[in-house]
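The primary structure of each chain is shown beneath.
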Amino acid sequence: MLVTLPNADNFQVQRGLFIAAWKVWFKRFNDKPLDWHEGRMPICKTNESLAVLLECGCRFSLEAICRLIAPWNYRNLEMASDDFIQLNPSLFRRVPYTKSNGDVVDGVRLTDQALDVWEELTYIAQDLYMAFAEARIQADIETTTDDPIVIDDAGIEVIGEDIYPPILPEIDDSIDEYAQALVAWIDEDPYQPLYQRQPVHDAVSGWDNRLKAAYWPKPRMGYNELSHISSPLLYRAGLLAHGLDEGREWSYEDKNIAVKTACEIFLLYGVPQRDVTAENVEAVFRAALSEDSNATAKMNSGWTHVAAFATHHLESSENRTPLIAWNSRISTSFISRLDFLLVEAGCCGPENLFSEFGTVPGWGGTRPREVSLEWPSGYRQWSTQIAASKFAVRIRDILNHAKDEQGDALYPQMPLAGGDNGLWTVRGIQMVLSNDGY
């Protein structure tokens, strides 16, 4: 029941995920999305990089699907090879494909067996696979080069044009004043949920309403649904982290759970990785738990989520830092707003207060955004991971404890999945910022 990519060191994914990706590609990039059952797709196999493949107009192709199914390390290599098609005869049937200009090229369509596999899945399983496939497009698309990968949409946005910040820090203010200004600004700034750069649902304001409007990777996967899917992964990550905190070595079973948990986190967020070994997962857990800014453990837009899951249980622990996932969306939200606040305060750069903050490349939605100051790269940097997370804890504490002049809570509590309210967590803040930075 697995699909093998021979040119990615035989990386494998579930057949259901690959069929879902086929369906998502028709939905997103074909003029006849309902024809996915019998529709044809060009193969477009090539040794060119993913960036060149997309620039050449081959977004709707088997090659593009395979590149995004594969871990980032392999995305600049040919994936839809003859060997790949021969290894997966139950999935594809070779057919000619006629391009819009009339040229006929090699193509494929799904086999009847593949369609039967899809139809035999429960509706719940189909919906999950569709979400996981969609996440491959919505996630940070990393490759072995710095070329911009624009598979969906991208645009330039200037922060500050809609709602001027209600609080402006002074040039000599502390990091706490900047945190307070950022919290107040996001609270007042209207938020219009977007999907494929198009509005979905109504515009909202306030941290609580922003969280309730959050989704990943598509509007049907809202806050409640994502919380439900994440819950077992948070639970298992917490058990593994507790063991390390108490000085216990992971058992053979723990190591298997660790690898499976990490792989499912990568699946959920659309960021497949290679070298997902128990040793690598444990190294990330240990670096996250010890807040090691100089760690050599793996770190990118996928492993940052593992670090966040590994530390979620620290929300109620004093002097411990639950980590935020530092990807392009969250770095875009933080840095674009802090950049505006620093410039308005008369600062010439971020180095005095935010020297460890750095950007993560991402193209899609309103990313990249224009900034005025020079920010370093925070990509794959544990120092940025730790510094940004400590700033997120400041934001969390402001949301939970700030009072108005009458002594009442300045901000509403964090909505919880199921309808209750409670204290804000770094994970809740992360979800708000992820959509703010789209």
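Before reading on, note that the structure itself is shown above.
Residues numbered from 1 in each chain as written. Predicted model: local features only at pLDDT ≥ 70, side-chain atom pairs only at ≥ 80, totals over all residues. Heavy atoms only, no water.

Chemist: Looking at this structure, I do not really get empty space enclosed by the protein. What am I missing?
Modeler: A probe matching the size of a water molecule, rolled over the atoms, marks out where space remains unfilled. Under the defined criterion, the tally for this structure stands at four cavities of 30 Å³ or more. There is about 230 Å³ of room inside the largest cavity. In terms of lining, the largest cavity is formed by 19 residues, of which the most central are Trp216, Tyr269, His305, Asn327 and Ser434. Those elements that place two or more of their residues in the lining of the largest cavity are α13 (328-344) and α16 (426-436). The class makeup of the residues in the lining of the largest cavity is nine nonpolar, seven polar and three charged. Estimates place the volume of the second largest cavity at around 60 Å³. Forming the boundary of the second largest cavity are Leu234, Ala308, Phe309, His312, Glu315, Pro322, Leu323, Val426, Arg427 and Gln430. (1 Å grid on protein atoms, 1.4 Å probe; cavity = no way out; pocket = protein on both sides within 12 Å on 5 of 7 lines; lining within 4 Å. Points joined across faces, edges and corners; volume = space filled by probe spheres on them. Helix = DSSP H or I, 4+ residues; strand = E, 2+ residues; numbered from the N terminus. Nonpolar A, V, L, I, M, F, W, Y, C, P; charged D, E, K, R; others polar.)

Chemist: So what exactly am I meant to see when it comes to the pairing of strand β1 (residues 2-5) here?
Modeler: The two faces of a sheet get side chains in turn, since along a regular strand they alternate between them. Here β1 runs beside strand β2 (residues 11-14); their pairing, made up of four bridges, is antiparallel. Note that in β2 the partner of Val3 across the bridge is Val13. The antiparallel hairpin formed by β1 and β2 contains five residues in its connecting segment, where Asp9 sits at a positive phi of about 55°. (Pairing = 2+ DSSP bridges.)

Chemist: Just to check I follow, could you spell out the sheet that holds strand β4 (residues 92-98) for this structure?
Modeler: Strands belonging to one sheet form pairs held by backbone hydrogen bonds; the direction of such a pair is parallel or antiparallel. Pairing in this open sheet of three strands is antiparallel, and the strands run β3-β5-β4 from one edge to the other. Two strands bound the open sheet, and with one partner strand each, they are β3 (41-42) and β4. In this structure, β3 lies alongside strand β5 (residues 104-110), joined through two bridges in antiparallel fashion. Residue pairing across strands places Pro42 opposite Gly107, the latter belonging to β5.

Chemist: What is the right way to read the environment of Glu246 from this model?
Modeler: Along the chain, the position of Glu246 falls in the loop between α9 (223-245) and α10 (252-269). For Glu246, a relative accessible area of 54% puts it in the exposed group. At 2.2 Å, the side chain of Glu246 and the side chain of Arg248 are in polar contact. (Buried < 20%, exposed > 50% of the residue type's maximum accessible area, 1.4 Å probe, protein only. Polar contact = N/O pair within 3.5 Å; in protein donor to acceptor, adjacent residues only side chain to side chain.)

Chemist: Would you take a moment to explain helix α1 (residues 15-29) for this structure?
Modeler: Since there are 3.6 residues in each turn of an α-helix, residues three or four apart along the chain are aligned in direction. Taking 1.5 Å as the rise per residue, α1 with 15 residues should run 21 Å; its terminal C-alpha atoms sit 21 Å apart, in good agreement. For α1, a buried count of 13 out of 15 residues is recorded, marking the element as mostly surrounded by other parts of the structure. (Expected span 1.5 Å × (residues − 1).)

Chemist: Hey, could you run me through helix α12 (residues 303-311) in this one?
Modeler: Burial of α12 is extensive: nine of the nine residues sit out of reach of the surface. Turning to α12, its buried residues are Trp303, Thr304, His305, Val306, Ala307, Ala308, Phe309, Ala310 and Thr311. Of the surrounding elements, those touching the buried residues of α12 are α9, α10, α11 (278-290), α15 (382-401) and α16. (Contact = heavy atoms within 4.5 Å.)

Chemist: Is there a simple way to think about the side chain of Thr425 in this case?
Modeler: Looking at the element boundaries, Thr425 is found in the loop between β9 (421-422) and α16. For Thr425, the side chain forms a polar contact with the main-chain nitrogen of Gly428, separated by 3.0 Å. Once residues lying within four places of it in the same chain are set aside, the contact partners of Thr425 are Glu315, Arg396 and Met414.

Chemist: Any chance you could explain the layout of surface pockets here in plain terms?
Modeler: In this structure, the largest pocket occupies an estimated 670 Å³ of space. Looking at the largest pocket, it is lined by 26 residues, and the ones nearest its centre are Gln14, Phe132, Cys263, Glu264 and Leu267. Secondary structure elements with two or more residues in the lining of the largest pocket: β2, α6 (123-138), α9 and α10. Per-class residue counts for the lining of the largest pocket are 17 nonpolar, five polar and four charged.

Chemist: Explanation requested: a negative patch on the surface in the structure shown.
Modeler: A contiguous patch of negative charge on the surface is contributed by Asp35, Glu38, Asp112, Asp116, Glu119 and Glu120. Mapped onto the elements, Asp116 comes out in helix α5 (residues 112-120). (Patch = residues over 30% accessible without salt bridge, like charges linked within 9 Å, V, L, I, M, F, W, Y side chains within 5 Å. Areas by Shrake-Rupley, 256 points an atom, 1.4 Å probe, with all protein chains shown as cover. Salt bridge = Lys/Arg side-chain N within 4 Å of Asp/Glu carboxyl O. Lys, Arg positive; Asp, Glu negative; His and termini not counted. Charge placed at Lys NZ, Arg CZ, Asp CG, Glu CD.)

Chemist: Would you mind showing me how to read the side chain of Asn73 here?
Modeler: Mapping Asn73 onto the fold places it in the loop between α3 (62-69) and α4 (82-87). Of note is the side chain of Asn73, whose polar atom sits 3.4 Å from the side chain of Trp72. Those residues in contact with Asn73 that lie beyond four places of it in its chain are Thr144 and Arg274.

Chemist: How should the nonpolar core be read in this particular structure?
Modeler: In summary, soluble globular proteins display a tendency toward joint burial of nonpolar side chains. Formed by 142 residues in total, the largest nonpolar core has its most connected members in Phe18, Trp25, Leu62, Trp207, Phe285, Trp382 and Phe391. In this structure, Trp25 is in contact with Asn30, Met41, Arg59, Phe60, Ser61, Ala64, Ile65, Leu68, Ile137 and Ile151, ignoring residues within four places of it in sequence. (Core = buried A, V, L, I, M, F, W, Y, C linked by side-chain atoms within 4.5 Å.)

Chemist: Honestly, the pairing of β4 in this entry has me stumped. Any pointers?
Modeler: Note: β4 against β5, seven bridges, orientation antiparallel. Paired with Phe92 across the strands is Leu110, a residue of β5.

Chemist: I keep staring at the packing of aromatic side chains and nothing clicks. Help me out?
Modeler: Each aromatic ring pair is characterised by the separation of its centres together with the angle its planes make. One pass over the structure, following the stated rule, counts 24 aromatic pairs. Where Phe26 meets Phe60, the ring centres are 5.0 Å apart and the plane angle is 85°; that geometry is what we call edge-to-face. Highlighted residues: Phe26 in helix α1 and Phe60 in the loop between α2 (50-55) and α3, separated in sequence by 34 residues. For the pair formed by Phe26 and Phe60, the shared burial category is buried. Counting every residue linked through ring pairs, the aromatic cluster contains Phe18, Trp22, Phe26, Phe60, Phe84 and Phe92. A cation sits over an aromatic face here: Arg337 above Trp185, 4.7 Å from the ring centre. (Phe/Tyr/Trp six-rings, centres within 6.5 Å; stacked < 30°, edge-to-face > 60°. Lys NZ or Arg CZ within 6 Å of the ring centre and 35° of its normal.)

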